[in-house]
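Chain by chain, the residues run as shown.
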Amino acid sequence: MPDRPIHLVAGASSGMGRQTALKLGASGSHVVVAARRLDALEELAGEIEAVGGSGEAMAFDGTDPASVAALIGRIESAHGRLDGAFNNLGDTLGDSPLHETPPERWDATLAVNLTSVFHLMRHEIPLMLRGGGGRIVNTASTGGLRGTKAMSDYSAAKWGLIGLTRSAALDYADQGMVINAIAPGIIATEKFRAFEANMPDLFETLRLATPVQRFGDMGEIADLVCWLLREAPGFMTGAVLPVDGGRTA
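In this text, all values refer to a predicted model and were calculated from it rather than measured experimentally. (Residues numbered from 1 in each chain as written. Predicted model: local features only at pLDDT ≥ 70, side-chain atom pairs only at ≥ 80, totals over all residues. Heavy atoms only, no water.)

Engineer: Please clarify how the pairing of strand β3 (residues 54-59) should be interpreted in this entry.
Structural biologist: Looking along a regular strand, one sees the side chains alternate between the two faces of the sheet. Relative to β3, strand β2 (residues 30-35) runs parallel, the two being bridged by six bridges. Looking at the pairing, H30 lines up with S54 of β3. Read as a crossover between parallel neighbours, the route from β2 over helix α2 (residues 38-50) to β3 is right-handed. (Pairing = 2+ DSSP bridges. Helix = DSSP H or I, 4+ residues; strand = E, 2+ residues; numbered from the N terminus. Right-handed = clockwise from strand over helix to strand, strands pointing away.)

If you want it as structure tokens, here you go:
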């Protein structure tokens with residue numbers, strides 16, 4: 001597969017990461033799908049093969065620096081290069097006013113939403129530079145563009161991720177690296193649908209508060225990320241692209 005770009009999707013086992021991995025595979029990439037659940041990753045790699053792509057499953061834990069280093073080391077050993085990465089790690093671990101936020105949840109939220117991406121980029125970038133450069137897309141959130149009530153830990157982590165993305169873009173702008181972030185609003189992932197079923201009135205209020213009067217589709221995120229990794233102009237780096245139906249407009 002030397003003619004195929006090598007792309008990593010970290011956080012690929014479900015949701016936006018899964019859809020993006022499928023689209024990357026269908027568009028001709030060899031996709032390394034990485035997350036904690038190896039069974040889900042192996043199933044996804046098979047689905048990528050079924051649509052004519054090339055997939056490879058590698059389990060890792062983004063909050064463990066040694067696990068991240070081992071992941072990128074395996075990619076280098078197997079392929080000798082990395083052309084692009086979608087760092088799609090993150091989760092909300094609870095909600096509360098700031099003074100009721102447990103320090104343990106604060107630490108865990110920053111670990112999974114921010115520090116994990118730092119560990120990934122710290123190893124992805126040298127491997128990409130050895131090949132002349134590459135492209136990175138990080139998943140931030142509209143919670144990193146404005147405050148979010150009762151989610152100070154999550155919002156702080158995503159604001160930090162945007163700062164990390166922009167600073168890294170400046171560090172390597174003259175070395176062939178293109179580093180951007182997306183800031184999704186409410187996207188209809190599998191997890192979203194489970195919450196919606198339990199709180200239909202709340203989600204209807206959120207839908208009506210969205211200017212386009214609907215929630216985002218995972219395929220829309222996949223389309224954008226694939227464009228950023230494969231086709232977007234190299235002159236666009238350090239950008240943060242909201243995908244939120246107009247809510248931050």
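Engineer: Would you mind going over the environment of K149 with me for this structure?
Structural biologist: Structurally, the position occupied by K149 is in the loop between β5 (134-139) and α5 (152-171). Here the alpha-carbon distance between K149 and D95, two residues 54 residues apart in the chain, equals 8.5 Å.

Engineer: How should I be thinking about the nonpolar core in this particular structure?
Structural biologist: What tends to happen in soluble globular proteins is that the nonpolar side chains get buried as a cluster. Counting residues in each nonpolar core, the largest one holds 33 residues, and the members touching the most others are L8, F60, L71, I75 and I179. Elements that contribute at least two residues to this core include exactly β1 (6-10), β2, α3 (65-79), α4 (103-130), α5 and β6 (177-184). Element by element, the count of residues in this core is highest for α4, at seven residues. Excluding residues within four positions of it along the chain, L8 makes contact with V32, A34, L71, I72, I75, L82, G84, A85, F86 and E124. Residues M218, L224, L229 and A232 belong to the second largest nonpolar core, which totals 24 residues. (Core = buried A, V, L, I, M, F, W, Y, C linked by side-chain atoms within 4.5 Å. Buried < 20%, exposed > 50% of the residue type's maximum accessible area, 1.4 Å probe, protein only. Contact = heavy atoms within 4.5 Å.)

Engineer: Please explain the sheet that holds strand β7 (residues 240-243) as it appears in this structure.
Structural biologist: Overall, parallel pairing links the seven strands, which are arranged β3-β2-β1-β4-β5-β6-β7 in an open sheet. Two strands close off the open sheet at either side, each with one partner strand: β3 and β7. Sheet twist, expressed as the mean angle between neighbouring strand axes with direction ignored, is 20°. Seen against the sheet, α5 touches β5, β6 and β7 and runs at an angle of roughly 160° to β6. (Axes fitted to C-alpha atoms, helices over the stretch in contact; angles between N-to-C directions.)

Engineer: Please explain a nonpolar patch on the surface as it appears in this structure.
Structural biologist: A surface patch of nonpolar side chains, amounting to about 260 Å² of accessible area, comprises F195, M199 and L202. Within the secondary structure, L202 is located in helix α7 (residues 200-208). Residue class for L202 comes out partly exposed when judged on its relative accessible area of 43%. (Patch = residues over 30% accessible without salt bridge, like charges linked within 9 Å, V, L, I, M, F, W, Y side chains within 5 Å. Areas by Shrake-Rupley, 256 points an atom, 1.4 Å probe, with all protein chains shown as cover. Salt bridge = Lys/Arg side-chain N within 4 Å of Asp/Glu carboxyl O.)

Engineer: What should I look at first to understand the packing of aromatic side chains in this one?
Structural biologist: For the structure shown, the criterion picks out three aromatic pairs. With centroids separated by 5.0 Å and ring planes inclined at 80°, the aromatic side chains of F192 and F203 adopt a geometry described as edge-to-face. Separated by 11 residues along the polypeptide, F192 in helix α6 (residues 190-198) and F203 in helix α7 bring together distant segments of the chain. For F203, a relative accessible area of 9% translates into the label buried. Between the aromatic rings of F203 and F215, the centroid separation amounts to 6.3 Å while the plane-to-plane angle is 75°, which identifies the pairing as edge-to-face. In this pair, F203 is assigned in helix α7 and F215 in the loop between α7 and α8 (218-230), connecting sequence segments 12 residues apart. Judged on exposure class, the residue F203 and its partner F215 are both buried. (Phe/Tyr/Trp six-rings, centres within 6.5 Å; stacked < 30°, edge-to-face > 60°.)

Engineer: Help me understand α5 in this model?
Structural biologist: For α5, built from 20 residues, the straight-helix expectation of 28 Å at 1.5 Å per residue is met to within 8% by its first-to-last C-alpha distance of 28 Å. Among all positions in α5, only D153, Y154, S155, A157, K158, L161, I162, T165, A168 and A169 are buried. Of the surrounding secondary structure, the elements contacted by the buried residues of α5 are α4, β5, β6 and β7. (Expected span 1.5 Å × (residues − 1).)

Engineer: Which parts of the structure should I look at to understand the pattern of salt bridges?
Structural biologist: Note that side chains of opposite charge can pair when their charged atoms are close. Counted under the stated rule, the structure contains 10 salt bridges. When the shortest N-O distance is used, the salt bridge between D83 and R81 registers 2.9 Å. Given the relative accessible area of 25%, D83 is considered partly exposed.

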